Amino acid sequence: MSGARSATGEANAWALLNALPHPVILVEADDHIGEANIAAEAFFQASASVIKRHLLEDFIPFGSPLLSLIDQVRERGAAVNEYRVDIGTPRNGTERVVDIYASPASDGSRGVVLLLQERTMTDKIDRQLTHRGAARSVTGLATMLAHEIKNPLSGIRGAAQLLETSVENDDRALTRLIRDEADRIVKLVDRMEVFSDERPIEREPVNIHVVLDRVRGVAKSGFARNIRIVDDYDPSLPPVYANHDQLVQVFLNLVKNASEAIARQADGEIVLSTAFRPGVRLSVAGNSDKVSLPLEFCVRDNGPGVPPDMVAHLFDPFVTSKANGTGLGLALVAKIVGDHGGVIECESQPGRTVFRVLMPAFPNRSAPVREE
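Presented here is a report on the structure given in the accompanying data block. (Residues numbered from 1 in each chain as written. Predicted model: local features only at pLDDT ≥ 70, side-chain atom pairs only at ≥ 80, totals over all residues. Heavy atoms only, no water.)

1. Things to note about the pattern of salt bridges
At step 1: The tally for this structure, following the rule as stated, stands at 11 salt bridges.
At step 2: Salt-bridge contacts for Arg228 lead to Glu269; the nearest nitrogen and oxygen are separated by 2.6 Å. Of the two residues, Arg228 is situated in strand 7 (residues 228–232) and Glu269 in strand 9 (residues 269–276); the sequence distance between them amounts to 41 residues.
At step 3: Each of Glu296, Glu345, Glu347 and Arg356 takes part in salt bridges that share partners, so that together they form one network. (Salt bridge = Lys/Arg side-chain N within 4 Å of Asp/Glu carboxyl O. Helix = DSSP H or I, 4+ residues; strand = E, 2+ residues; numbered from the N terminus.)

2. Overview of the packing of helix 9 (residues 244–261) against helix 11 (residues 329–339)
At step 1: Put simply, helix 9 and helix 11 touch, their axes get as near as 10 Å, and they point 145 degrees apart. In this structure, helix 9 crosses over helix 11, and the sense of that crossing is left-handed. When helix 9 is examined against helix 11, the residues Gln246, Gln249, Val250, Asn253, Leu254 and Asn257 are found in contact with a partner set consisting of Gly329, Leu330, Leu332, Val333, Ile336 and Val337.
At step 2: Here the contact of helix 9 with helix 11 is built from residues that sort into 7 nonpolar, 5 polar and no charged. (Axes fitted to C-alpha atoms, helices over the stretch in contact; angles between N-to-C directions. Left-handed = near helix turned anticlockwise from the far one by under 90°. Contact = heavy atoms within 4.5 Å. Nonpolar A, V, L, I, M, F, W, Y, C, P; charged D, E, K, R; others polar.)

3. Describing the sheet that holds strand 14 (residues 352–359)
At step 1: If you trace the 5 strands from one edge of the open sheet to the other, you get 7-9-12-14-13, paired in mixed fashion. Every other strand in the sheet has two partners, leaving strand 7 and strand 13 (343–349) as the edge strands with one partner each. Geometrically, the sheet is characterised by an average inter-axis angle of 15 degrees between neighbouring strands, direction not taken into account.
At step 2: Packed on one face of the sheet, helix 9 meets strand 7, strand 9, strand 12 (295–301), strand 13 and strand 14 and runs near 25 degrees to strand 12. (Pairing = 2+ DSSP bridges.)

Honestly, it's all geometry; don't read function into it.
In structure tokens form, the structure reads like this:
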């Protein structure tokens, strides 16, 4: 009877652990993995039955500090924590930074229970706040440029146009150059003025699949005419609370960047995906309640990837790897997503670059949804 009660208690314990959103594994005395909850299956991209056939070292980098952390727990017989440990491998992703909470198993078997808490969401928030601060800097710069540069440029262009009627043919190329360069600077200032638009966003429930289908249609009829674009949609997704036209602008920019990255590849492919990710909740300044961001929209390509030294600054203004780029496209994308209360991030490695957008769902399911 006591054995049945023990088995029932163990089953209830793992049922409770399966409800946790964080990976939990039991590392036995011989370093084999004895148990793994559902979140661990998702983290290591393998079923529990497969995970339990392996040693822990099969899932983490060679010489990982996690192994010495387990030894410390066994020696002390007490819990030990370690923060910001990268346990990324080709199996579970090149960079997986986690906080590790290790505790000895209660049965005295020298087993160790590990709970892994990914740092990605905290880092997303930090990066998003940085992007918003950079966007505010561009806002001030755009306001200054609009007043202090556009008016003198108009005078310079007008003077060059008058000169063009009185100079020799050989010199007209120079006056045209002055006009063209003045026009180019005005266009750049006009693009930057978008950052200074502080009007409230007109939002409504929007079907994201309608937005993505429109973006795909525009791309296929223009810059991505010869590129394969596939979709991986969750058809049960609730509407997103957003501005339809601004979402089109966001994903058109992301798809255009992806198409430029794979333009020279014969096997280039762009994947548009949507998914529901419950449990993602953020604290936002000015709001006592946590905001839920369960809607995940991704633009993925199999191009060469973003240079590693640029990933952390990808959404900053004037950062670009294109020869003729202005570096304002992704900065504007980050501003629009941030204005909607969402988060955008980029994960990149050769052969796989993902731009991931997390957005709030529309709270009223009964309201009419924006369709095309």
